[in-house]
Amino acid sequence: MSEIRYSKDHEYVRVDGDVATIGISDYAQSQLGDVVYVELPEIGKAVAQGKEAAVVESVKAASEVYAPVSGEVVEVNGALEGAPASVNEDPEGQGWFLKVRMSNPAELEGLMSADAYADFLKTVS
Amino acid sequence: MTNDSASLQRTPLHAAHAAHGARLVPFAGYDMPVQYPDGILAEHAWTRTQAGLFDVSHMGQALLVGPDHDTAARALEALLPADLRGLKPGQQRYSQLLAEDGGILDDLMVTRPRDPAREGTLFLVVNAAGKRADYVHIAPRLPADVRLVPQEDLALIALQGPQSEAVMARLAPGAETLTFMHAAPLEVAGIACHVSRSGYTGENGYEISVAAAAAAALWTRLLQEPEVKPVGLGARDSLRLEAGLCLYGHDIDPTTSPVEAALVWSIQKRRREEGGFPGAARIQRELADGPARVRVGLTLEGRAPAREGAEIVKDGETVGVVTSGGFAPTLGAPIAMGYVPPALAAPGTGLDILVRGRALPAKVVRMPFVAPRYARKN
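Residues numbered from 1 in each chain as written. Chains lettered and ligands numbered in written order. Predicted model: local features only at pLDDT ≥ 70, side-chain atom pairs only at ≥ 80, totals over all residues. Heavy atoms only, no water.

Colleague: Whenever I open this one, the side chain of B:Glu225 confuses me. Can you help?
Modeller: Residue and element names in this part refer to chain B. Turning to its location among the elements, Glu 225 is positioned in the loop between helix H6 (212-223) and strand S13 (228-230). On the basis of relative accessibility, which here comes to 8%, the residue Glu 225 falls in the buried class. Discounting chain neighbours no more than four positions away, the residues touching Glu 225 are Val 167, Arg 170 and Leu 171. (Helix = DSSP H or I, 4+ residues; strand = E, 2+ residues; numbered from the N terminus. Buried < 20%, exposed > 50% of the residue type's maximum accessible area, 1.4 Å probe, protein only. Contact = heavy atoms within 4.5 Å.)

What follows is the structure in structure tokens.
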């Protein structure tokens, strides 16, 4: 079974064992608008919670995607290179960015549940 | 970022944008639609294939009123390098307000009204961000018999795209006969307007100046046509970039001259020879000897866009900077414009652009990036 948690920067992390799938929330993609390019990290790279893990570019601008949890990159979604619009169409499914093997799963405690994130969105919009 | 929309100005079409589900963002002190629910890519494509409707009422509209055309034209020619005395009734020209050192204070459109009753008047459209400063710059530099009259009660609506002519022919008979950079007073769907065949997208299109009080009715009427959809400032920017058109404050500013900005085409022969505008000595010198740097178009290999501020590099050495850049929806590829030394400005020249520390291969290309469809005379 997997659970999904959200950061205040509008990334999500879907946890399956010690592997976390990271992407941006539906709210984040709607705010960005049409995604035209995604820059993904190299496999094996160490990412740290709250630090840049990837870059997403809309027609208007480039934005950092921060790692909601620390760990080592074990997989990236290479399909986004040819189909960046997946980030808009299915952000929490086909539009995922990267998977990391978590080095400190306790970091998940500081992230929001889906319900808590829905409440958080009411405060930002 | 605070989004204090209460302090922002609103165009007469603000309520219409909200009703269309626009995302409104602060732009030049106005609360403006950056996109509608269709999104920037769809709005861009619609403008390239159908007709996009843009609210550009934030831009400054003003009249320069003198006793006769020659007097008004001479007064404005003292501040910019275009030939205005040679404007025919109904003709429009693009120009730049220049500082004493030849730097660009703003860019603008100048139209000589076609209506003989308005002889002696010039119609100016300037950028939103600079309009107050422009008026403060222009007004005290005019002779006693010419005055600047800002038109605060006007809206400006652009209809751009290959279907714009069919739409306008239906609602404003005669509009189809206007050629690029010409203007006429026309009724559009029964509403009195001043219509010019111009725009900021590289498309066949129109800009329609209308009383603020009638703007919402005109906007709504135009949107009833099947070819017309609203398009926001986001697509306006990607469209103008593909068309190779300068955005003030980015591609041109007080540090750039019209020669550096590759806008020599907008300085007519008489003015190049005679001078008589601010910065004429520098501009004539740059015309004769070449400028220190020049604006060029750039295409990038791969899909990563290069944005404003990215360094342009040749053989590891920084040679210039990107002033506008992004993804070109029509081409499906990243494009940019920036300044490089003239020796590196020839089409085909290979350069690198630094994006997040990586050198991305790029190439100088001729602009516009996408072939324009201006309604020029045959």
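Colleague: What's the story with the packing of helix H2 (residues 40-49) of chain B against helix H7 (residues 233-242) of chain B in this structure? I'm lost.
Modeller: A pair of packed helices can be characterised by two numbers: the angle between their axes and the separation between those axes. All names here are of chain B. Packing of H2 against H7 leaves a shortest axis separation of 8 Å and a crossing angle of 55 degrees. Of the possible angle classes, the one that applies to H2 and H7 is oblique. Of the two possible hands of crossing, H2 and H7 adopt the one that is right-handed. Between H2, through Ile 40, Glu 43, His 44, Thr 47 and Arg 48, and H7, the contact on the second element is made entirely by Gly 234, Ala 235, Ser 238, Leu 239 and Glu 242. When the residues that make up the contact of H2 with H7 are grouped by side-chain class, the tally is three nonpolar, four polar and three charged. (Axes fitted to C-alpha atoms, helices over the stretch in contact; angles between N-to-C directions. Parallel < 35°, antiparallel > 145°, perpendicular 65-115°, else oblique. Left-handed = near helix turned anticlockwise from the far one by under 90°. Nonpolar A, V, L, I, M, F, W, Y, C, P; charged D, E, K, R; others polar.)

Colleague: Looking at this structure, how should I read the environment of A:Lys8?
Modeller: Residue and element names in this part refer to chain A. With respect to the secondary-structure elements, Lys 8 resides in the loop between strand S1 (3-6) and strand S2 (11-16). A sequence separation of 42 residues divides Lys 8 from Gly 50, and the C-alpha atoms of the two residues are 10 Å apart. Those residues within four positions of Lys 8 in sequence are excluded, and the remaining contacts are Met 112 and Phe 120.

Colleague: I'm lost on the interface of chain A and chain B in this one. Help?
Modeller: Where interface size is quoted, it is often the accessible area lost as the parts come together. Contacts between the two partners involve 16 residues from chain A, matched on the other side by 16 residues from chain B. Taking both partners together, chain A and chain B bury about 1,400 Å²; carbon and sulfur atoms supply 49% of that area. The largest contributions to the chain A side of the interface with chain B come from A:Val36, A:Val59 and A:Lys60, which together make up 38% of the buried area. Here chain A is connected to chain B by four salt bridges. Residues A:Glu39 and B:Arg356 are paired through a salt bridge, measuring 3.1 Å at the closest nitrogen-oxygen approach. Of all the secondary-structure elements, those providing two or more residues to the side of chain A that touches chain B are helix H1 (26-32), strand S4 (35-39) and strand S6 (52-58) of chain A. A per-class count over the side of chain A that touches chain B returns seven nonpolar, four polar and five charged. (Buried area = accessible area lost by both parts, 1.4 Å probe. Salt bridge = Lys/Arg side-chain N within 4 Å of Asp/Glu carboxyl O.)

Colleague: Teacher, can you tell me more about the sheet that holds strand S11 (residues 191-196) of chain B here?
Modeller: Strand pairing in a sheet relies on backbone hydrogen bonds. The paired strands run either parallel or antiparallel. Residues and elements named next belong to chain B. In space, the six strands of this open sheet follow the order S10-S11-S12-S9-S3-S13, with mixed pairing throughout. Lying at the two open borders of the sheet, with one neighbouring strand each, are strand S10 (183-188) and S13. Ignoring which end each strand starts from, the neighbouring axes of this sheet average 30 degrees apart. The pairing of strand S3 (residues 51-55) with S13 spans three bridges and is classified as parallel. Residue pairing for S13: Gly 52 is matched across the bridge by Lys 229. (Pairing = 2+ DSSP bridges.)

Colleague: Please explain the packing of aromatic side chains as it appears in this structure.
Modeller: The relative placement of two aromatic rings is captured by the distance of their centres and the angle of their planes. As enumerated under the stated definition, the model contains four aromatic pairs over all chains in all. Residues A:Tyr6 and A:Tyr117 carry aromatic rings whose centres are separated by 4.2 Å and whose planes lie at 5 degrees to one another, so their mutual orientation is stacked. Taken together, the residues A:Tyr6 in strand S1 and A:Tyr117 in helix H3 (residues 114-124) connect sequence positions 111 residues apart. A:Tyr117 carries the same exposure label as A:Tyr6, and that label is buried. Measuring from ring centre to ring centre gives 5.5 Å for B:Tyr94 and B:Trp265, while their planes differ by 20 degrees; the resulting arrangement is stacked. Linking B:Tyr94 in strand S5 (residues 92-98) with B:Trp265 in the loop between H7 and helix H8 (269-274), this pair joins segments that are 171 residues apart in sequence. In this structure B:Trp265 comes out as exposed when scored by relative accessible area, which is 56%. Members of the aromatic cluster, joined through ring pairs, are A:Tyr6, A:Tyr117 and A:Phe120. (Phe/Tyr/Trp six-rings, centres within 6.5 Å; stacked < 30°, edge-to-face > 60°.)

Colleague: What is the right way to look at the UniProt feature "modified residue: N6-lipoyllysine" (unreviewed entry) in chain A in this model?
Modeller: Mapped onto this numbering, the UniProt entry annotates "modified residue: N6-lipoyllysine" (unreviewed entry) at A:Lys60. Inspection of the secondary structure puts A:Lys60 in the loop between S6 and strand S7 (62-66). Taking the relative accessible area as the measure of exposure, A:Lys60 reaches 41% and is therefore partly exposed. Beyond its immediate sequence surroundings of up to four residues, A:Lys60 is in contact with B:Val34, B:Ile40, B:Gly234 and B:Arg307. (UniProt positions renumbered as here; feature names shortened; annotations may be inferred.)

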